[in-house]
Amino acid sequence: MRFPYSETVLEHFRHPHNVGKIDNPDGKAMEGSPACGDMVAVYINVDPKTNTLSDIKFESYGCASNIATGSIITELAKGKTLDEAKKITWKEASDALGGLPKIKAHCSVLAIEGLRSAIENYEERHGLVKEKKPTTVEVVRKRLKKVMNPMAGLDLVRTNLVRDIEVKDGAVRVVVDLPPDHQFAAAIKEEITEKIEPLWDVKEVAVEFMA
Amino acid sequence: MLDRRQVYLDNSAVTRLDERVLEAMKPYFFDKYAVATSEFAYSQGIEAREILDGAREALAAALGAASGELIFTSGSTESSNIALKGVALALGNSKGKHIIVSKIEDFPVLHSARALEKQGFRVTYLDVDSDGFVNLDKLRDSITNETILVSIQHANQEIGTIQDIASIGRICGEKGTLFHTDATHTFTRVPLDVRRIPVDLITVSAHTIHGPKGIGALYVRQGTRIAKWVDGGFQEFDLRAGLENIPGAVGFAKAVELVTPEETKRLQSMRDRIIDRILAEIPDTTLNGHRWKRLPQNANISFHFIEGESITLHLDMHGFAVSTGSACFSRSLEGSHVIFGIGGDHERAHGSIRFTFGRYNTMEDVDAVVQTLAEVVPELRNISPLGKRNKE
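A quick note: this is a predicted structure, and the numbers were derived from the prediction, not measured.

Comments concerning the interface of chain B and chain A
Taken residue by residue, the interface counts 23 residues in chain B and 25 residues in chain A. Breaking the side of chain B that touches chain A down by element, the ones donating at least two residues are α10 (308–317), α12 (346–350) and α14 (385–391) of chain B. No other element matches the four residues that α10 of chain B contributes to the side of chain B that touches chain A. The class makeup of the residues in the side of chain B that touches chain A is 11 nonpolar, six polar and six charged.

Notes on the environment of Pro4 of chain A
All names here are of chain A. For Pro4, the position within the fold is in the segment before α1 (7–14). Given 16 C-beta atoms within 10 Å, Pro4 falls into the partly exposed group. Along the backbone, Pro4 and Ala185 are 181 residues apart, and their C-alpha atoms lie at a distance of 32 Å.

Thoughts on the domain arrangement of chain A
For chain A, the assigned domains read domain 1 (7–125) and domain 2 (137–209). Centre-to-centre separation of domain 1 of chain A and domain 2 of chain A, based on C-alpha positions: 24 Å.

Re the domain arrangement of chain B
Residue and element names in this part refer to chain B. Segmenting chain B into domains produces domain 1 (7–16 + 260–391) and domain 2 (32–258). Inter-centroid distance (C-alpha atoms) of domain 1 to domain 2 is 29 Å. The partner domain 2 presents 22 residues to the 25 residues of domain 1 that form the contact. Elements with a contribution of two residues or more to the side of domain 1 that touches domain 2: β10 (298–303) and α11 (337–341). Sort the elements by how many residues they give to the side of domain 1 that touches domain 2 and α11 lands first, with three residues. Residues that form the side of domain 1 that touches domain 2 fall into these classes: five nonpolar, 15 polar and five charged.

Definitions and cut-offs
Residue numbering note: each chain is counted from 1, following its sequence as written. As they are written, the chains are lettered A onward and the ligands numbered 1 onward, keeping that order. Given that this is a predicted model, residues contribute local features only at a pLDDT of at least 70 and side-chain atom pairs are listed and counted only at 80 or more, while totals for whole chains, interfaces and linings are drawn from all residues. Note that contacts rest on C-beta atoms placed from the backbone: two residues are in contact if these are within 7 Å. Only DSSP runs of H or I reaching four residues or more are called helices, and only runs of E reaching two or more are called strands; each is numbered from the N terminus. Classes in brief: Ala, Val, Leu, Ile, Met, Phe, Trp, Tyr, Cys and Pro nonpolar; Asp, Glu, Lys and Arg charged; the others, Gly included, polar. Exposed residues have 12 or fewer other C-beta atoms within 10 Å of their own C-beta, buried residues have 20 or more, and residues in between are partly exposed; the C-beta atoms are placed from the backbone. Here the bounds of each domain stem from an automatic or database domain assignment.

What follows is the structure in C-alpha cells.
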C-alpha cells in the first residue's frame, strides 16, 4: 500500500497525542476556519515559577497533516519555556514528523501559529506583553499573512489579493482584490476581521472588495 | 496497513476492466490489427472497418441512435470538449455567442465553457436548487436568440442527482437551441433514448462501465452543425481525424453489452443500504443530492464537524477507496463546486464523501465500510473543536 504521508505522520494521525481541551486554560488560541479547510485550537497551562508549559492540548478540524502537526508540536512544546516554545518552527515540526508534503504546508503551519498565539494570549492576559506597539500598515500586513486565500491554499498577501491597507486613528481599512459576490468573499472578510480586531489600539475594521 | 482487504468504492472515477471485455478486445491487438480502410483496400482493412462499424452500431443502438450519429473519441473529456467547442466554432459567427451550462457540471463542460468565455463567448452558469436540479423556468428565461447551446448533465458526477433532461430538451427544442448532455455516469444505467428525449449531443465513455480507459463517444444528432475537431484524415465522419482505436471501440461495445438491468438494480440496492445505514447509524450526517432521483451507483454524504481527507485516509488505511469534496484532497485545494452549488457551506463540502459502486462490489463491502465509518467518524469528531463547540 502506498500512503501520501510518512509513517510518523500516519502514526500521529491515527493516535494523536495531547488531544482535547483544558478547562479554564491559562492561554488559548484558535487558528484557521472551515473556509480554508483547517482549524486548530491550542490550550496551554503555564507554571508561573519556571515560566514553562506545564500542560498543552489541541483540537483539530482538518486533514492528516493538520492533525499530525498538532500532535507533534504539543509533544515538542511540553515542558519548554514560553520563549523556547515560541521559537518552534514549522521546519522542526516537519522534520520531527519525517517530512510533510509541501502542498500541505498551510494545513500544518496553523498548528505552529496556534501554539504561538496561545502563548501570546497567555502573555496578554497576564500583563506580560513587554511593549505595546502601535498598529501600522506593516503590522496589519503581517496579520493578513495568516488569512488564507482558499482558492490557492496560500495566504492573501502572498497571492496578491490585498490591494490596499489603511490605518488611521484606530480604523483599519483593507481592500481585497475580489468581487463582492465572490464565493469566498464573506469568509475572507470574517477571517480578516477576526485577525485584526484583537489588536489593542484597533477600534474598527472595514473590509472592502473590488467592484 | 491495518487491513489487507482492498475495497474499491470510487467507481465513478474509473472502474475495473471486465475480463470479458479484455477477451473481446484481444484479437484486435494481435491477429486483426490492421487499420480500418476504405472498402476498396485490402481485406484485413475492410474487415477492420466492418468491426469498427459493428461496434459503432451497437453503441448507437444503446442510445436509440443511428450508427452514423456516433463518433468515437478518447473519452468523456474529449467528447464534451468537441460538443461545446465544435458547436461554438460552427455557430459562433452566424447564430450567436451565448452558451448556457449549469453551475455543477463536471470539469470538461465547465472548463470548456470558461475557455470559450475567454474567446468572447458569453456563458450563463445556471444555479441549481438544494438537490442539484436546474430550474426549468430559469433555463427558459435564459435562452435568447443568440443562444447556440445548452449543456446540462444527465446526472451529477458527485451528488448523483439526475436532471429532467426530457423537459430540458423540449425547452431547447421550442427555443431552437442545441442541447448537449454529459451522460458519462448514466450511460446504460439510466434510460436515455434519443427517439424519446430530444437531445442533440451526448457524451458517453467506457471507463465508468468496466470498459477500457481511453475510449468514449459523442452522439451527434443527424444534421447538427459542428466544426471539425481534429484535422488530419477523414475518420469519424470527417469530424475527428486520427487512427481509429478499434480494440477500444470493440471493448466499449462489449462493456455496454455486459451491463444488465439486474446489475443496475443490485448497485441501487447497495446505494440505498449505505445511505439508509449511515443516516440512521451515524449522527450529524447529511445526504447530498436527491434521495431517489439519483444515480443508482452513487451515495454522497457529508459528515459534519470533520474534514474529508482525514476520513478518506482512515478509510484507506482500512482498505477502502472513496473520494471527497474536501479542498485538502484535491490538487487545486478547492472545495467541491458541486456542494457549494447546492448551497452547502465549506464544512459540508470539506466533510463530503462520495461512495460509488460497481460490478465487483458486494453488500458485504457496504456493511464493512459503514462499520469502519462508525469507528472512525467519532474518533475524528473527538479531536475536532467544531463537534464539541456545537454540542455545548
